Structure formats: structure tokens, C-alpha cells
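Inside the fold
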Amino acid sequence: MGAFFDDATTPYRLGLAGMVAGRSDIAWRDRGFLELTDRDGGVAVISGGGSGHEPLHAGFLGKGMLHAVCPGHIFTSPNARQILEATRAVDDGSGVVHVVKNYTGDVMNFGVAAALAAEEGIRVETVLVGDDVATDLDDDGESDGDNGNGGGADSDDGSGGSGGPGRRGTGATILVQKACGAAAARGADVEVVADVGRNVARRARSIAMSLGGARTPGSEESFSLEDDEAEFGVGIHGERGVDRRKRIDVADAVAEMIAEIHEAAGSPDRVLVLVNGLGGIAGLELSAILALACGELEERGAVVERTMCGDYITAWDMAGFSLTVLGVDDDLLDLLDAPTDAPAWDAPVPYAGVPEISEAALEELPAADSGPRQPELSAWIERVLDAFDELTALDRKAGDGDFGVNMREALGAFDLPLRGTVSEVLHAVGESYLVRAGGTSGAVFGLFFEKMGAKAGDAESFADVDVAAVVRAGLDAIVELGGAKVGDGTVVDAIEPAVLALEDGATAAEAASAAVEGAEATADQVAGKGRASYVGEAAKGVIDPGALIMGWFFEELAR
């Protein structure tokens, strides 16, 4: 399933109803628009467009921003009648500003509505937003985004592109809406409010890239890519981009995109940068992209005054992002910083620089690189690292798929063979788990190896260690920590049988056999502890990866 609904109409209708149900300050009007129910008088600002771009546009309804929104069906412009009715409803004689994304359907329908409203004596000003440099076309229909200004960077409406419809309206739309809403809230005349919006549209440029298309309910993915491909210049309706290429490093991609849009915006000295998610990538990725974008702008000599980062104008579920650069001055910053209660607007954040994120604790971890060799532990680490794919696959079936990564983070930092006394090496492994590895495995294995190291004394090899006592210390510690017992489908299922065998006088090989049997038994159990316990019966048939590597641990000790 790509969506919970089989058609696009149902989530459109229910989605609008849910928006109204979730807010007490907006209402659905049967003539086809959403309206802010409690607003001050003066110039009203209206926008709209196809649904599927949430939180655009309804999320920006609020005092100090939009006063009415006309939603079309998914990726479809609203009709002229909706827009006219909304214009009538919000006009108190002061006039109405239409903020329109530069798409043919939107432009035509808003244009018809504006003309009809004017016949009724309503003053309407239109602000056309066209910021996408990927559609900045010259008279031959060729992309002109690389030449700095494109086919109309200095045009009055900001849409550009004399050879076609011009630049699409994308990320800059919310910046235009905010500036217009703030100017209206200050009591500005309708012409002034519109000029404020046009100024923002002229000074902003955007571009987007993605790793795949959009898949709206009832439809196939708008386009698909191979695993090693990326699409540059995509639109917000799932459109293909202007350039499909083998995927490049994201830092290189961001550098290229920032250079293009900063130049196209006129290479402003002071900027706001907006990183916008298209609906299908994680917030942490967006933040990482913001850090790269800010660094590139600084390399170009720009002063980053404000940043914005999040999902503002999505393309349903596209795995991509857009970057917008807006040249700013003090007056424009005042408008963008002005308060609004529109729920989807995040106030631009004053830029404080991109810090160098480092984990100082990593530099202080023991390296286990001097002293006697410890071949058993070294062989175990090598075996675990070689099994990265196997361990990851097992954890994906019963957990969250991070087990292999955690093992690699904790154990991959060592130069093999490990060197030091048994205690020193066990301590080094334990510390690495505690600091480098995440989740349950970091805590469990970290504690296990730390406690074993504390019990090992000054022995220089495992041949001189009371292995039963050492491993018993580690086992008791993790049982006390998590309360797991044999049968819960955890590392304890492998460790405890081996410890009991050793305490009964078994050989190292016999203890290893008991550990492996215990690990294999976890495949037939319903986990009682750990993340696998959340999925219950679904984890049956899957050996616990933690128990598996503990079986390997005892096998290597027995060699």
C-alpha cells in the first residue's frame, strides 16, 4: 500500500474537514474556501492551489498571514468561482491581494476571479510567484537558470520566462504570503501590500531535487529512479525534473544548487535560506542539508540573516527537498519576523553559524593498541564486522534494523589485532559500545564487557582467566539491568547456558556449543524483552542477532 485511501477525492474532502475540526479559528464555506473567522479589518490576503502540498496553503491561514484559502483537488488548481466567492467574503472595502503560484491553471482561475471581482467594484491586486530556476526558460524553451538572471529575473511579477509560462511558484510562496500578511496587518494600502509581495517574489529563487516521484492515492508513482539516480529541478506536482543524473554526493548537490539560486537571485549580500521538505525525507536530513546550504552561502560571501527548515510546501510524499534563497534587508526582515498565529509558519531563526559537531568523548576512548595481542577477541570482532549484512537483515525482521550499524560503530573503530591485557581490552570494547553504539545493544554489550573487564584482573591472555567467573560477572550485570531471562529471546539465551556449562566444569568448546544452541533457540521463541517483543509472533523464526553474536563470542574463546 502506498496510501491509506484508494482514491484522491476522499482524502481531499476528509482532509479539509479534519483541518477545520482541528482548529477553532477557521471555517469551511460551502462555496469552496476556507476562511479565517476572526480577523481585523483592512486589506485581505488570499491564496490557494491544489491540495497535496500541505501545510500549504491552509496551514498559513492566520492573523498576520492569509485570510482565506481556496483549495483545489490534489495537484489541481481551484476554480474561478471558489476564488471569487472567497474574494467577496473577505473584502471589507479595503481591497484584496491574491498570491498566486505561477502555474497555468492557478493563473487563469485567479485571473478570471480578479476580473469578475473588479467588475463588482472590489479592488484586487495579484502577486505572481515564480521562483523555480529549473523552469527559467529562454525564448527557445531552453533552461536559462545558469546565467544568473534567466528569462525574466527583473520582470515586475517575478515569474520570468518570456519563452513559456515562466518560472514555477514553489518555496518562495510562503515568504510572499508572510510579507503580504504582515504588511496588511500594519494597515498598508492594497497596492502597497501587493508591492511588498512582488518585491519578495523578485528577490527569491528556488530549485529542488528528489530521489523519486510522488505517489498520490489511486495513482502510480509519477516517475521512478534507479537506486543510483537523482532528479534535479523537480516540481511540486510530482513532475520530472530537467536533469536526471547518477546520484552525486549531497554536499556537492547542495553546493551546485546554492550557487545557481544565489546567482539567479542577484547574488545578494544578505539572505534568508529556506530548506523545504517535499514530504518524504526525515527532518534530520533536512537539518543536515540546511547546515550544508549555510556553509555554501558563507563561502560565497553572503551573510545568512535567517534560516527556515521543515516541510512547508510538499509534493505529497516525494523523497526530496527544495532550497530557496531570498535577498533581505532590514525592512523585509521586520515583515518576516512579525508575529502571526498561522500554525504552519515557523518564525525565521537568526543565524548563529554552523558548529563543528564532534564527540569529544570519542577522542578519549581507549584504543587497545599496545601490549599483548588478544587473538580471541580480535577474531570475534572481525567475524561480527564481516556479518554486517546478515545481522542487519535479521534485525529488520524483528527489530528496527540498526543492529548491524551499532556493531559496526562500536567495533569498527579498532585496529586489529587488539592489544593490551585482557582487562584493558575488555574495558576498551565495553567503553566503545557505551559511547559509540546506540540503542539497547550499546547499553547491554557495553555493560557486559565492562563488567567482564573489571573481573579479569591483570591476566595477559584468556588462558590465564577464570572465564566462568568473568562471564558470570557480565551476565549478572545485564540481567539486573534489563530483567531478561532464558526464553525471552535475548543475549541471555546464549550467555547463560554457556556460563552454567563452564561453572559445571565443561570445556570451552562445550560451553560454546551450549551458547550456540541457546542462540538458535531464540528463533522459536516469542521475545519477552527487547525491541523484538513489540512485534510478538511476527518475530518467530528469526534468530536474535545479539544472541547469535554471543554464540560466536564463545566459539572464538574456544578456538
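Overview of the structure. This one's a predicted model, so the numbers in the text were calculated from it and none came from an experiment.

The description of an aromatic ring pair uses the distance of the two centres, along with the angle that the planes make with each other. Scanning all chains against the criterion turns up 9 aromatic pairs. With centroids separated by 5.8 Å and ring planes inclined at 85°, the aromatic side chains of W380 and F553 adopt a geometry described as edge-to-face. With W380 in helix α10 (residues 375–386) and F553 in helix α18 (residues 545–558), this pair connects stretches of sequence that are 173 residues apart. F553 carries the same exposure label as W380, and that label is buried. By way of ring pairs, the aromatic residues W380, F403, Y433, F445, F448, F449, F553 and F554 are connected into one cluster. The ring of F232 carries the charged tip of R245 above its face, separated from the ring centre by 3.9 Å. The lysine or arginine in question, R408, covers the ring of F388, its NZ or CZ lying 4.1 Å from the ring centre.

Quick look at helix α5 (residues 190–203) now. The end-to-end C-alpha distance of α5, which contains 14 residues, comes to 20 Å, matching closely the 20 Å that a straight helix rising 1.5 Å per residue would cover. All buried positions along α5 are accounted for by V190, V193, A194, V196, G197, R198, V200 and A201.

Another point: the sheet that holds strand β5 (residues 96–101). With mixed pairing, 6 strands are arranged side by side in an open sheet as β1-β2-β4-β3-β5-β6. A strand with exactly one partner marks an edge of an open sheet, and here the two such strands are β1 (26–29) and β6 (124–129). Averaged over all pairs of adjacent strands, the angle between strand axes in this sheet comes to 25°, irrespective of strand direction. Pairing analysis gives 4 bridges linking β1 to strand β2 (residues 33–36), with the strands arranged antiparallel.

This part takes up the nonpolar core. Ranked by size, the top nonpolar core spans 60 residues in total, and within it F60, I174, V193, L326 and W345 carry the most contacts. In terms of residue count, the dominant contributor to this core is helix α4 (residues 173–185) (8 residues). Once residues within four sequence positions are removed from consideration, F60 is found in contact with P55, M65, L66, I174, Q177, Y312, A342, A344 and W345. Residues A368, W380, I381 and A523 belong to the second largest nonpolar core, which totals 59 residues.

Moving on, we get to the packing of helix α16 (residues 492–503) against helix α17 (residues 508–521). Look at α16 against α17: their axes get within 7 Å of each other, and the N-to-C directions meet at 155°. It follows from the interaxial angle that α16 and α17 lie roughly antiparallel. Crossing angle aside, the handedness with which α16 passes α17 is right-handed. Contact residues: α16 offers D493, A494, P497, A498, A501 and L502, while α17 offers A508, A511, A514, A515, G518 and A519. Across the contact of α16 with α17, the residue classes break down as 10 nonpolar, 1 polar and 1 charged.

Another point: the state of the cysteines. In protein chemistry, a disulfide is the covalent bond that joins the sulfur atoms of two cysteines. Applying the stated criterion to the full structure yields 0 disulfides. No disulfide involves C180; its sulfur sits 15 Å from that of C70, the nearest cysteine. With a relative accessible area of 0%, C180 lands in the buried category.

The next thing to look at is unusual backbone geometry. Cis geometry marks the peptide bond from E54 to P55, where omega comes out at 15°. Assignment of secondary structure puts P55 in the loop between β3 (44–51) and β4 (68–74). The linkage connecting L56 with the following residue, H57, adopts the cis geometry, with an omega of 0°. Within the chain, F75 stands out as a residue other than glycine whose phi angle is a positive 60°. One can find F75 in the loop between β4 and α2 (80–90). Residue classification places F75 among the partly exposed residues on the basis of a relative accessible area of 22%. A positive phi angle, near 50°, is found at S267, a position not held by glycine. By secondary structure assignment, the location of S267 is in the loop between α6 (250–264) and β10 (270–277).

Our focus in this paragraph is the pairing of β10. The element β10 is largely enclosed, with a buried count of 7 among its 8 residues. For the segment spanning β10, helix α7 (residues 283–299) and strand β11 (residues 303–310), crossover handedness is right-handed. As defined by bridge partners, β10 adjoins strand β12 (residues 320–327) across 7 bridges and the pair is classed as antiparallel. Note on β12: the bridge partner recorded for V275 is L323.

For the structure on display, the rule yields 3 cavities of 30 Å³ or more. Within this model, the second largest cavity holds a volume of roughly 80 Å³. Every residue lining the second largest cavity is counted, 13 residues in all, and those nearest its centre are S51, E54, L56, H57 and P71. Those elements that provide at least two residues to the lining of the second largest cavity are α1 (9–21), β3 and β4.

The rules behind each value
- Residues numbered from 1 in each chain as written.
- Predicted model: local features only at pLDDT ≥ 70, side-chain atom pairs only at ≥ 80, totals over all residues.
- Heavy atoms only, no water.
- Phe/Tyr/Trp six-rings, centres within 6.5 Å; stacked < 30°, edge-to-face > 60°.
- Helix = DSSP H or I, 4+ residues; strand = E, 2+ residues; numbered from the N terminus.
- Buried < 20%, exposed > 50% of the residue type's maximum accessible area, 1.4 Å probe, protein only.
- Lys NZ or Arg CZ within 6 Å of the ring centre and 35° of its normal.
- Expected span 1.5 Å × (residues − 1).
- Pairing = 2+ DSSP bridges.
- Axes fitted to C-alpha atoms, helices over the stretch in contact; angles between N-to-C directions.
- Core = buried A, V, L, I, M, F, W, Y, C linked by side-chain atoms within 4.5 Å.
- Contact = heavy atoms within 4.5 Å.
- Parallel < 35°, antiparallel > 145°, perpendicular 65-115°, else oblique.
- Left-handed = near helix turned anticlockwise from the far one by under 90°.
- Nonpolar A, V, L, I, M, F, W, Y, C, P; charged D, E, K, R; others polar.
- Disulfide = S-S within 2.5 Å.
- Right-handed = clockwise from strand over helix to strand, strands pointing away.
- 1 Å grid on protein atoms, 1.4 Å probe; cavity = no way out; pocket = protein on both sides within 12 Å on 5 of 7 lines; lining within 4 Å.
- Points joined across faces, edges and corners; volume = space filled by probe spheres on them.

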